[in-house]
Amino acid sequence: MNWDDTAGAGPAPEDAADRLVGASADGEDQAVEAALRPKSLDEFVGQERVRVQLDLVLKAALARGATADHVLLSGAPGLGKTTLSMIIAAEMNAPIRITSGPAIQHAGDLAAILSSLQEGEVLFLDEIHRMSRPAEEMLYMAMEDFRVDVIVGKGPGATAIPLELPPFTLVGATTRAGLLPPPLRDRFGFTGHMEFYESAELERVIHRSAQLLDLEIDTEGAAEIAGRSRGTPRIANRLLRRVRDYAQVKEDGRITREVAGVALAVYEVDARGLDRLDRAVLQALLKLFGGGPVGLSTLAVAVGEERETVEEVAEPFLVREGLLARTPRGRVATPAAWAHLGLVPPQQAPGAAGQPGLFGA
């Protein structure tokens, strides 16, 4: 099972951990993940391309008796970046130091961490794109030359004292790789992009988690949960725990397709993984605005949420599922959205028979 411990690139407009289908991890998620997290690349489910490439990088470094190249992992929250960083340390038989970009606001903060590293240690820097610019510039030299210049004093009398660092491996994780400056990206020897999971991979994650949690679940029950998990292992495991609660209280404890379906209906997660907020956005777009196009601010007012909540929390999944499109004229519902909510689009709706496409095609 694979997921991350941390949230997205910045303070979320609505805490995603409050949503059952949110990809951020709250305290309960982190506690459970610590017990269920895989310990080696062989146990790691999914991300086949990244896993194979990373295995070669680590084995080659071990054969040379050297530290592994710096590693950059990018992708959405909940896909396994933190887990892979811990596996890298385990595979290299090295300790790991964990910190995050927002925690490093001054170059001195980074210098204190780097100067205390042991030889071969793995430094995991989550949300690396949120690190301050002075610390980022210090990191360039540390990654390339294993050296930092510590500035002592201020003004004309300031002196730069070179500090040699032991060889170490930096593992950077980011949910927004595009925000990383090119000089920083270029200093990573290996870059891996984490993709969303297929349903079959999530079923393997769910079966593994159920075994570790001592739960009885059949193949169809795992498939039902996987289909509502938005391609994200963290969400799959959260849904599994909620279905477990329902099965233990209302049923005999065994998780089947029927039990999973009824349990997730109680928690308002539908067959495609949409929750209350997602459906509210679609219903407003379809019922109040005829499928669009409609401006983001107007749509947010209709839903009763902040503009940022609709744009950053609800829309990314709706767009990825092909239920909503962002166009220059505004938000537009696709034919799949009408079908998902069981509604018939009016003749003038975008995408309806005989009507122009989203972009006038």
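So, a few notes on the structure that sits alongside this text.

Counting secondary structure elements, the chain contains 14 helices and nine strands. In the chain, which comprises 361 residues, the proportion classed as buried is 50%. Residue pairs in contact within the chain that sit at least 24 positions apart in sequence constitute 71% of those at least 6 positions apart. On the chain, roughly 16,100 Å² of surface is accessible, and the fraction owed to carbon and sulfur atoms is 52%.

Going through the model one piece at a time under the given rule, you end up with one aromatic pair. Between Phe 146 and Phe 168, the aromatic rings sit 5.5 Å apart at their centres with planes inclined by 80°, giving edge-to-face as the arrangement. With Phe 146 in the loop between helix H5 (133-145) and strand E4 (147-152) and Phe 168 in the loop between strand E5 (159-164) and strand E6 (169-174), this residue pair connects regions lying 22 residues apart in the sequence. The ring of Phe 317 carries Arg 230 above its face, with NZ or CZ at 3.9 Å from the centroid. Over the ring of Phe 196 we find Arg 320; its NZ or CZ atom is 3.6 Å from the centre of that ring.

The grouping of Val 262, Val 266 and Tyr 267 at the surface amounts to a nonpolar patch, some 250 Å² of accessible area in total. Mapped onto the secondary structure, Val 262 falls in helix H10 (residues 257-266).

Inspection of the entire model under this criterion finds 19 salt bridges. Among the salt bridges present, the one from Asp 245 reaches Arg 242, with a minimum N-O distance of 2.9 Å. Separated by three residues within a single helix, Asp 245 and Arg 242 lie in helix H9 (residues 233-250), roughly one turn from each other. Of the residues examined, Arg 242 reaches a relative accessible area of 14% and is grouped as buried. One salt bridge connects Glu 315 with Arg 331, and the closest N-O pair in it is separated by 2.8 Å.

What follows covers the nonpolar core. With 46 residues, the main nonpolar core has Leu 84, Ile 206, Ile 217, Ile 225, Leu 240, Val 243 and Ile 255 as its most contacted residues. If one sorts the elements of this core by residue count, H9 sits on top with seven residues. The contacts of Ile 206, once residues within four sequence positions are left out, are Ile 217, Ala 222, Ile 225, Ala 226, Ala 236 and Leu 240. With 24 residues, the next largest nonpolar core counts Leu 117, Val 148, Leu 165 and Leu 184 among its residues.

Let's shift gears to the side chain of Arg 228. If you trace the backbone, Arg 228 turns up in the loop between helix H8 (219-226) and H9. Within the local environment of Arg 228, its side chain forms a polar contact with the backbone oxygen of Val 269, the two atoms lying 2.7 Å apart.

Time to look at the side chain of Thr 169. Within the fold, Thr 169 resides in strand E6. For Thr 169, the side chain forms a polar contact with the main-chain oxygen of Ala 68, separated by 2.8 Å. With residues up to four places along the chain from it excluded, the contact list for Thr 169 reads Thr 67, Ala 68, Asp 69, His 70, Glu 121, Val 122 and Leu 123.

This part is about the packing of H8 against H10. Two elements in contact, H8 and H10, have axes separated by 7 Å at closest approach and are oriented at 30°. Between H8 and H10, the angle falls in the class roughly parallel. Within the contact between the two elements, H8 uses Glu 220, Gly 221, Ala 223, Glu 224 and Ile 225 and H10 uses Arg 257, Ala 260, Gly 261 and Leu 264. Across the contact of H8 with H10, the residue classes tally to four nonpolar, two polar and three charged.

Cut-offs used in this document
- Residues numbered from 1 in each chain as written.
- Predicted model: local features only at pLDDT ≥ 70, side-chain atom pairs only at ≥ 80, totals over all residues.
- Heavy atoms only, no water.
- Helix = DSSP H or I, 4+ residues; strand = E, 2+ residues; numbered from the N terminus.
- Buried < 20%, exposed > 50% of the residue type's maximum accessible area, 1.4 Å probe, protein only.
- Contact = heavy atoms within 4.5 Å.
- Areas by Shrake-Rupley, 256 points an atom, 1.4 Å probe, with all protein chains shown as cover.
- Phe/Tyr/Trp six-rings, centres within 6.5 Å; stacked < 30°, edge-to-face > 60°.
- Lys NZ or Arg CZ within 6 Å of the ring centre and 35° of its normal.
- Patch = residues over 30% accessible without salt bridge, like charges linked within 9 Å, V, L, I, M, F, W, Y side chains within 5 Å.
- Salt bridge = Lys/Arg side-chain N within 4 Å of Asp/Glu carboxyl O.
- Core = buried A, V, L, I, M, F, W, Y, C linked by side-chain atoms within 4.5 Å.
- Polar contact = N/O pair within 3.5 Å; in protein donor to acceptor, adjacent residues only side chain to side chain.
- Axes fitted to C-alpha atoms, helices over the stretch in contact; angles between N-to-C directions.
- Parallel < 35°, antiparallel > 145°, perpendicular 65-115°, else oblique.
- Nonpolar A, V, L, I, M, F, W, Y, C, P; charged D, E, K, R; others polar.

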